Amino acid sequence: MLILAMSLVVANAASSKWRGYGQTVLATAVSMPVTYGLGEALTGTSNQLVQGMLPSVLTGILVPSAVSVGMSSKLADAYGYTLDGSRAFGQTLGLNVGLYAGGTALGISTQSWEDKLLYGAVSALLLPIPSWIAMQTEDTSASAMVIPTTSGDWMFNASFSHRF
């Protein structure tokens with residue numbers, strides 16, 4: 001989080017990065033009700049458990065990720081930043097798989113409005129982060145990577161550079 005904060009605050013880009021991040025959070029939040037509705041509609045089309053769940057799971061992972069990265073990419077072009085959209089999309093998908101699995105493990109259900117709001121808010125706040133970290137301004141770059149190790153632990157690697 002420190003890397004994210006540093007990359008968003010440094011140099012002249014601070015105000016446009018925060019504004020862009022906020023716009024991406026809003027777009028992702030707006031996509032969540034569509035995601036829930038589409039997932040529920042697709043689940044109702046099958047009477048078998050696996051086939052019924054698969055479209056719902058894929059919708060829950062792909063739609064918010066695509067909206068988040070798509071909006072970030074559009075704003076990166078508008079603000080003059082460089083963004084590798086395919087790499088950011090892969091990282092956002094990975095993050096969303098973790099959020100989805102974590103929500104499922106914690107018992108969050110789309111049957112409860114409170115759970116929908118909580119999951120939607122957390123997703124909207126976290127899914128734009130990989131895209132906005134990956135954006136490169138003229139003199140600033142930041143990257144972060146979190147991966148599981150074979151021993152069951154997590155490895156965290158982050159870098160930040162700014163040329164004055």
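Residues numbered from 1 in each chain as written. Predicted model: local features only at pLDDT ≥ 70, side-chain atom pairs only at ≥ 80, totals over all residues. Heavy atoms only, no water.

Considerations on the packing of helix α4 (residues 85-105) against helix α5 (residues 113-126)
Next, step 1: Interhelical geometry of α4 versus α5 gives an angle of 160° and a closest axis separation of 11 Å. Classed by the angle they form, the pair α4 and α5 counts as roughly antiparallel. Along this stretch, α4 crosses α5, giving a crossing that reads as right-handed. In contact with L95, N96, L99 and Y100 of α4, α5 contributes Y119, V122, S123 and L126. (Axes fitted to C-alpha atoms, helices over the stretch in contact; angles between N-to-C directions. Helix = DSSP H or I, 4+ residues; strand = E, 2+ residues; numbered from the N terminus. Parallel < 35°, antiparallel > 145°, perpendicular 65-115°, else oblique. Left-handed = near helix turned anticlockwise from the far one by under 90°. Contact = heavy atoms within 4.5 Å.)

Let's talk about α4
Next, step 1: For α4, built from 21 residues, the straight-helix expectation of 30 Å at 1.5 Å per residue is met to within 8% by its first-to-last C-alpha distance of 30 Å.
Next, step 2: Turning to α4, its buried residues number three or more, namely A88, T92, N96, L99 and G103. The arc that holds every buried residue of α4, seen down its axis, measures 65°, which confines them to one face. Within α4, the exposed residues directed more than 90 degrees away from the buried face are S86, R87, T104 and A105. (Expected span 1.5 Å × (residues − 1). Buried < 20%, exposed > 50% of the residue type's maximum accessible area, 1.4 Å probe, protein only. Arc of directions from axis to C-beta.)

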